[in-house]
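Chains, contacts and geometry: an overview
Spelled out from the first residue to the last, the chains are:
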Amino acid sequence: MKTLLSVLTVLIAILVAWYVGTVAMNARWTLDQAARADREVSFSELVADTMHQTRPVVPAPHQVAAQLYDGIFGKKITSKRSLVYHGFITLETTLWGFGLGILLGVGLAVAITYSRTMELSVMPWAIISQTIPIVALAPMIVVISSQIGVEDIRVPKAVIAAYLSFFPVLVSMVKGLNSPDAMQVDLMHTYNASRAQSFWKLRFPASLPYLFASLKVAIAASLVGTIVGELPTGATSGLGARMLIGSQFGQPLAMWAALFAAAMLAGGLIVIVGLVERQAARMTGGA
Amino acid sequence: MGWLIGAVVFWGLAWAANVRLAGVSGGRLIRVLVPLIFGVTVLVLWEGIVRGLGIDPVILPAPTVIGAQIARSLPTLWVDFVQTIVRGALAGYVFGSVGGLLVAIAVDRSPFLQRGLLPIGNFVAALPIVGVAPIMVMWFGFGWESKAAVVVAMVFFPMLINCVAGLGEAGSMQRDLMKTYAASYWQTLVTLRLPAAMPFIFNGLKICTTLALIGAIVAEFFGSPIRGMGFRISTEVGRLNLPMVWAEIAVAALAGSVLYGAVALIERWVTFWHPSQRV
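What comes next concerns the included structure.

Take the overall build of chain B next. When helices and strands are counted, chain B shows 11 helices and 0 strands. Its helices and strands in sequence order give chain B the pattern α-α-α-α-α-α-α-α-α-α-α, from N to C terminus. Here chain B has a C-alpha radius of gyration of 24 Å; the compact-globule value for 279 residues is 19 Å, and the former is much larger. Across its three principal axes, chain B shows a C-alpha extent of roughly 75 × 55 × 30 Å. Sorting the 279 residues of chain B into buried and exposed places 40% on the buried side. Long-range pairs, those at least 24 residues apart, make up 76% of the contacts in chain B between residues at least 6 apart in sequence.

Now the structure itself:
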């Protein structure tokens, strides 16, 4: 309850700051217009005008909200101007990239756990791979996949998303697969368990909490990857493409609406993954 | 065909060597040697496959071709490097992280603000903040200022969260001790709480190095002067001049790794006392 109050206070403070910013940043345009028309504007007129410009430097929160509402509920879902349509395309790729990232991360983690050679050779490169700004690679991935005959624009986007999301999974899974202590591993030995048995009955269940803890990070990274992938790829649909189009055609409102739609999508995904995580923790006997 | 067979043979030999080396219980040398051999193997395989199968350079240029391109266009690469990494990314990185630290210290005095800001900061840190790139370009123009602004926005929240977590790290026992010494708030902050927060602060700094580069390059897709790595990559991809694109990627990768390595080195030097730094 106390937390809620604090959060609300901070949110309201942000909103107020935003409105003040709107007036401050948009005032110049209004004043210029008035000067051109040889007209004096009073302060109240100034404030009123800054709230309703069509191409504001900073759109007022209610303008963004209206645009967002219009984009989500005001258009048919199949319409190219509907944010639901674009959000769905982004979501689809995000999930593909997320799935791919999990597969890659878990696969590599298993290989690393069972082979010291793999651990020594691959792990440093996995870390280095994350210091490479993937966005530099993004246009390249798009070109290569179209050159080798993959026409589907979703493939390169999903690859980029997977590249960003596999790393947290890999790191947590390596930690998780190694989390059973020596006593438990020895117990499996005394049971004469095969490698596969000790994997499925001991290491894998032990690693699950680590896996789920990493998924929240992974899904957020996957969404960032998808949106970045939509920027340089000449994609015409998806939230990233909406931002690019809004920027190129001077439609700040469309840009802001797409940005907030992306934020809402991210929030939704994180909440869902969080719920799955909690459910999984309950099922595996955790807290 | 010879190239292909040669590459595969090299792969087999290198892998065998790595298996042997990994079996040796060695020290630091092994830890460097094995990944190095692995990296070289990947390059050799790449070269062999590209040459052996005669892959079009438009799809995948061979590493030697990329190397030649890097050697040929060093001046261009340097100009792009300065524009994107030094001006855009580093400036934003410094402002953003210092800002995050200062706000964390300010918020730290008020538990009320802290409770309110933390969930929001956590949430915002998970959002695709790269999306503000077009807005920043609209506000600050095509120059490096807009790139730095994007980087500030991306770096700020992860830094804030890590710094707030770090400032809460000093135990109550230690704080009580400071109180018995009659230490002022600032004395406690500088001599106890900031040093205790350092592992967290460096954790944030390390996460932010990659974010900074991503922000600076993405922002250039939305408009830039005719230099910069993001600009060069998007125009050269359009001209299908892929060796140049790979050259830029190599520079970006190198810059990213060096930046990360530098922060990690400073971390080792500053937080030598932390368990994770003990070898």
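To continue, consider the overall build of chain A. Broken down by element type, chain A carries 11 helices and 0 strands. What you see in chain A, going N to C, is helices and strands ordered as α-α-α-α-α-α-α-α-α-α-α. Its C-alpha atoms give chain A a radius of gyration of 25 Å, more than 25% over the compact-globule value 19 Å for 287 residues. Seen through its C-alpha atoms, chain A measures out along the principal axes to roughly 90 × 55 × 35 Å. Here chain A, with 287 residues, has 40% of them falling under the buried criterion. Contacts spanning at least 24 positions in sequence make up 76% of the contacts within chain A whose residues lie at least 6 apart.

Right, let's talk about the packing of helix H7 (residues 144-167) of chain B against helix H9 (residues 185-221) of chain B for a bit. Residues and elements named next belong to chain B. Contact geometry of H7 with H9 gives a least axis separation of 8 Å together with a crossing angle of 160°. Comparing the axis directions of H7 and H9 gives the class roughly antiparallel. For the pair H7 and H9, the sense of crossing is right-handed. For the contact of H7 with H9, a count of residues per class yields 18 nonpolar, 6 polar and 3 charged.

In this section: the packing of helix H10 (residues 229-238) of chain B against helix H11 (residues 242-270) of chain B. Residues and elements named next belong to chain B. At a closest axis distance of 9 Å, the pairing of H10 and H11 adopts a crossing angle of 155°. Relative to H11, the element H10 is oriented roughly antiparallel. Handedness of the crossing formed by H10 with H11: left-handed. Contacts between H10 and H11 pair Met229, Arg232, Ile233, Glu236 and Val237 from the former with Met244, Val245, Glu248, Val251 and Ala252 from the latter.

Rules used in this analysis
Residues numbered from 1 in each chain as written. Chains lettered and ligands numbered in written order. Predicted model: local features only at pLDDT ≥ 70, side-chain atom pairs only at ≥ 80, totals over all residues. Helix = DSSP H or I, 4+ residues; strand = E, 2+ residues; numbered from the N terminus. Rg over C-alpha atoms; globule rule 2.2 N^0.38 Å. Buried ≥ 20, exposed ≤ 12 C-beta atoms within 10 Å, placed from the backbone. Contact = placed C-beta atoms within 7 Å. Axes fitted to C-alpha atoms, helices over the stretch in contact; angles between N-to-C directions. Parallel < 35°, antiparallel > 145°, perpendicular 65-115°, else oblique. Left-handed = near helix turned anticlockwise from the far one by under 90°. Nonpolar A, V, L, I, M, F, W, Y, C, P; charged D, E, K, R; others polar.

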